[in-house]
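Each chain, written out:
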Amino acid sequence: EASGPREDASGRRDRAALGRAIRGISSAPDLARAAAIVAEQAAWLLNADGAVVVRDDGAVARVVATAGSAAPAPEQQVTVSGALSEALRSGRAAALRGSGAAEAACPIDRDGAPWGAIAISGPSARMPRRAQERLAPFADLVSLAAATHEDRSRLASLAGTDPLTGLGNRRTFDALLAAEAECAARHDDLLSLVLLDIDHFKGVNDRFGHQQGDRVLMEVGRRLVAIARRGEAITRIGGEEFAWILPRTGPEGSEAAAARALAAIADAPFEGVGRLTLSAGVCDLGAAGSAEEMVAAADRMLYRAKADGRNAVRRFIPAPELAASA
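Residues numbered from 1 in each chain as written. Predicted model: local features only at pLDDT ≥ 70, side-chain atom pairs only at ≥ 80, totals over all residues. Heavy atoms only, no water.

1. Thoughts on the pattern of salt bridges
Then step 1. Counting across every chain of the model gives 18 salt bridges.
Then step 2. Note that Asp 174 and Arg 170 form a salt bridge whose closest N and O atoms lie 3.0 Å from each other. Taken as a pair, Asp 174 and Arg 170 lie in helix 6 (residues 170-186) at a separation of 4 residues, close to a single helical turn.
Then step 3. Through salt bridges with shared partners, one network takes in Arg 15, Arg 170 and Asp 174. (Salt bridge = Lys/Arg side-chain N within 4 Å of Asp/Glu carboxyl O. Helix = DSSP H or I, 4+ residues; strand = E, 2+ residues; numbered from the N terminus.)

Below you can see the structure in the form of structure tokens.
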């Protein structure tokens, strides 16, 4: 069964905010809009009145994007002070609290060199402790957005890409699932998750070598992407484990999708290796109630599919439904 402590409320909020930022900046037309989306989500997460992203070339600091009221306009030259000044000067996250007001800032690096900073401000009573540390992922997103603005071929890196398969990695999966779960709950919509694991993959590495194993992982990813529909996400979340997020899909549809995935792998041999199979665990949001429980339940079902002989799909069904169908 899946292990690990249940994520607390602040962790869920962090993941939801990062998920929305990733989804927004992936289609942003320019750096200013991408940075504005990041600033908006950082301000929301940390209960700030406003947020600003500043580019500092060592001579002048200019506003790249803002969120909140009374913020300076983009491209405006600004005089930095407080936590923002400290972050730019020291290259470390900083926070200041005064009589009723607080601010926090985190530096933004680009290719190992100082680039600028992101900062938030608001009432100290609302701003959480260690806010500057929770700004770090947003600083990373601005850095990647800046790189992408200059080279659109690096857009995939905004979501955190697995370098072997080109798919989203675990960080991408966590953020996207949290965002999709929030969206589904808000609109009373369906959402399902399929976890997929290559059967006996260790034997592939042991018998054919890790280089051949890497080719298998790349081909499995390619086949899964080929059967996914528009709007669905295939990610690689572990060594030989993949995840398939299916918005607007219920229990029967996700179980059928998992069966298609198994067929896509088992029906055609892998060059130099032969035929392989997958096992799958399936869970929908209605059965689990939250993104975290979806992952845990799908993981339990994946292990059950393995225990039942592999090359199988097992779907999580809540105890009341099982009792009613007995």
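2. A closer look at the nonpolar core
Then step 1. The biggest cluster of nonpolar side chains holds 40 residues, and the ones touching the most others in it are Val 53, Trp 115, Ile 118, Ile 120, Leu 135 and Phe 138.
Then step 2. Contributing elements (two or more residues each) for this core: helix 1 (9-25), helix 2 (31-45), strand 1 (50-56), strand 2 (61-68), strand 5 (101-110), strand 6 (113-123) and helix 5 (136-150).
Then step 3. Sorting elements by how many residues they give to this core places helix 2 first, with 10 residues.
Then step 4. With residues near it in sequence (within four places) discarded, Ile 120 still touches Leu 46, Ala 48, Gly 50, Ala 51, Ala 102, Glu 103, Ala 104, Met 127, Ala 131 and Leu 135. (Core = buried A, V, L, I, M, F, W, Y, C linked by side-chain atoms within 4.5 Å. Buried < 20%, exposed > 50% of the residue type's maximum accessible area, 1.4 Å probe, protein only. Contact = heavy atoms within 4.5 Å.)

3. As for the sheet that holds strand 7 (residues 191-198)
Then step 1. Overall, mixed pairing links the 5 strands, which are arranged 8-9-7-10-11 in an open sheet. Of all the strands in the sheet, the pair left with one neighbour each is strand 8 (233-236) and strand 11 (313-315). Averaged over neighbouring strand pairs, the angle between their axes works out to 20° when direction is ignored.
Then step 2. In the sheet, strand 10 (residues 278-284) pairs with strand 11 via 3 bridges, with the strands oriented parallel. Among the inter-strand pairings, Gly 281 is bridged to a residue of strand 11, identified as Arg 314. (Pairing = 2+ DSSP bridges. Axes fitted to C-alpha atoms, helices over the stretch in contact; angles between N-to-C directions.)

4. Topic: the sheet that holds strand 4 (residues 94-97)
Then step 1. The 6 strands are arranged 3-2-1-6-5-4 in an open sheet whose pairing can be described as antiparallel. Of all strands in the sheet, those bounded by a partner on one side alone are strand 3 (77-78) and strand 4.
Then step 2. Examined bridge by bridge, strand 4 and strand 5 share 4 bridges and lie antiparallel to one another. Residue pairing across strands places Arg 97 opposite Ala 102, the latter belonging to strand 5.
Then step 3. The sheet strands contacting helix 2 are strand 1, strand 2 and strand 6, and the helix crosses strand 2 at an angle near 50°.
Then step 4. Strands in contact with helix 3 (residues 82-90) are strand 1, strand 4, strand 5 and strand 6; relative to strand 5, the strand with the most contacts, it is inclined by about 25°.

5. Structural notes on the pairing of strand 9 (residues 241-247)
Side chains on a regular strand alternate between the two faces of the sheet.
Then step 1. Burial of strand 9 is extensive: 7 of the 7 residues sit out of reach of the surface.
Then step 2. Burial of the side chains of strand 9 extends over both faces: Glu 241, Ala 243, Ile 245 and Pro 247 are buried on one face and Phe 242, Trp 244 and Leu 246 on the other.
Then step 3. Looking at chain direction, strand 7 and strand 9 are connected through 7 bridges and run antiparallel. What sits directly across from Leu 193, in strand 9, is Ile 245.
Then step 4. Both strand 8 and strand 9 contribute to a ladder of 4 bridges, which runs antiparallel. Each bridged residue has a counterpart across the sheet, and for Thr 235 the counterpart in strand 9 is Ala 243.
Then step 5. Remark: 4 residues form the turn of the hairpin made by strand 8 and strand 9, two consecutive strands paired antiparallel.

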